Amino acid sequence: MYRDNIVGLLDLHQISQEHHRCQIGYWLAGSCQGKGIMTAAVRELETIAFNELNMNRIEIMADKNNQKSRSVAERRGFHLDGILKQYAFYNGQFRDMALYSKLKQ
């Protein structure tokens, strides 16, 4: 929410209780980017994942060419584990994805 309007979303998915890991996904309207909204929202979701859901590892995947999305992960201290070649298929083409992770300790 920003100024009482829904401007984006974020979620936890690929949740594995067995392995204590999950992924964060997010999207934010272009008009609201650059204001720190998603960085703050990711920080809050990290707290829930680590402290309430007992996750040990959180991952974020972003299109290799989506620097704004990658910057959120980097500002939150996620480590770039690598680039996954042709990992996703959308908009009619295969896309390379950057895989970031953060550990609880």
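Residues numbered from 1 in each chain as written. Predicted model: local features only at pLDDT ≥ 70, side-chain atom pairs only at ≥ 80, totals over all residues. Heavy atoms only, no water.

Visitor: Before we go on, may I ask you to explain the overall build of the protein chain in this structure?
Guide: Across its full length, the protein chain holds 2 helices and 5 strands. Over its C-alpha trace the protein chain gives a radius of gyration of 14 Å, about what one expects of a compact globule, namely 13 Å for 105 residues. Its C-alpha atoms give the protein chain principal-axis dimensions of roughly 40 × 35 × 20 Å. A buried classification covers 39% of the 105 residues belonging to the protein chain. A sequence separation of at least 24 residues applies to 53% of the contacts in the protein chain between residues at least 6 apart. For the protein chain, the accessible surface area stands at approximately 6,700 Å², while carbon and sulfur atoms represent 49% of it. When the 14 basic and 11 acidic side-chain charges of the protein chain are each reduced to a single mean position, those positions are 7 Å apart. (Helix = DSSP H or I, 4+ residues; strand = E, 2+ residues; numbered from the N terminus. Rg over C-alpha atoms; globule rule 2.2 N^0.38 Å. Buried < 20%, exposed > 50% of the residue type's maximum accessible area, 1.4 Å probe, protein only. Contact = heavy atoms within 4.5 Å. Areas by Shrake-Rupley, 256 points an atom, 1.4 Å probe, with all protein chains shown as cover. Lys, Arg positive; Asp, Glu negative; His and termini not counted. Charge placed at Lys NZ, Arg CZ, Asp CG, Glu CD.)

Visitor: Would you explain unusual backbone geometry in this entry?
Guide: Backbone geometry follows two general trends: most residues other than glycine have a negative phi, and most peptide bonds adopt the trans configuration. One non-glycine residue with positive phi stands out, namely D4, at about 65 degrees. Within the element layout of this structure, D4 appears in the segment before β1 (8-16). Judged by its relative accessible area of 72%, D4 falls in the exposed class. Although it is not a glycine, N54 sits at a positive phi angle of roughly 60 degrees. Position of N54 among the secondary structure elements: in the loop between α1 (37-52) and β3 (57-63). Judged by its relative accessible area of 44%, N54 is partly exposed.

Visitor: Would you explain the nonpolar core in this entry?
Guide: One finds I24, Y26, V42, I58, I60 and F78 to be the most contacted residues of the largest nonpolar core, which totals 21 residues. Mapped by element, the contributors of at least two residues to this core are β2 (21-28), α1, β3, α2 (67-75) and β5 (93-103). The element best represented in this core is α1, accounting for 6 residues. In this structure I60 touches I24, Y26, V42, A73, F78, A98, L99 and Y100, once residues within four positions along its chain are discounted. (Core = buried A, V, L, I, M, F, W, Y, C linked by side-chain atoms within 4.5 Å.)

Visitor: Help me out: how do you make sense of the layout of surface pockets in this one?
Guide: Over the atoms rolls a probe the size of a water molecule, and in doing so it shows where empty space is left. Estimated volume of the largest pocket: approximately 520 Å³. Every residue lining the largest pocket is counted, 27 residues in all, and those nearest its centre are Y26, W27, N66, K68 and S69. Where the lining of the largest pocket is concerned, the elements lending two or more residues are β1, β2, α1, β3 and α2. Counting residues per element, the lining of the largest pocket draws most heavily on β2, which supplies 6 residues. (1 Å grid on protein atoms, 1.4 Å probe; cavity = no way out; pocket = protein on both sides within 12 Å on 5 of 7 lines; lining within 4 Å. Points joined across faces, edges and corners; volume = space filled by probe spheres on them.)

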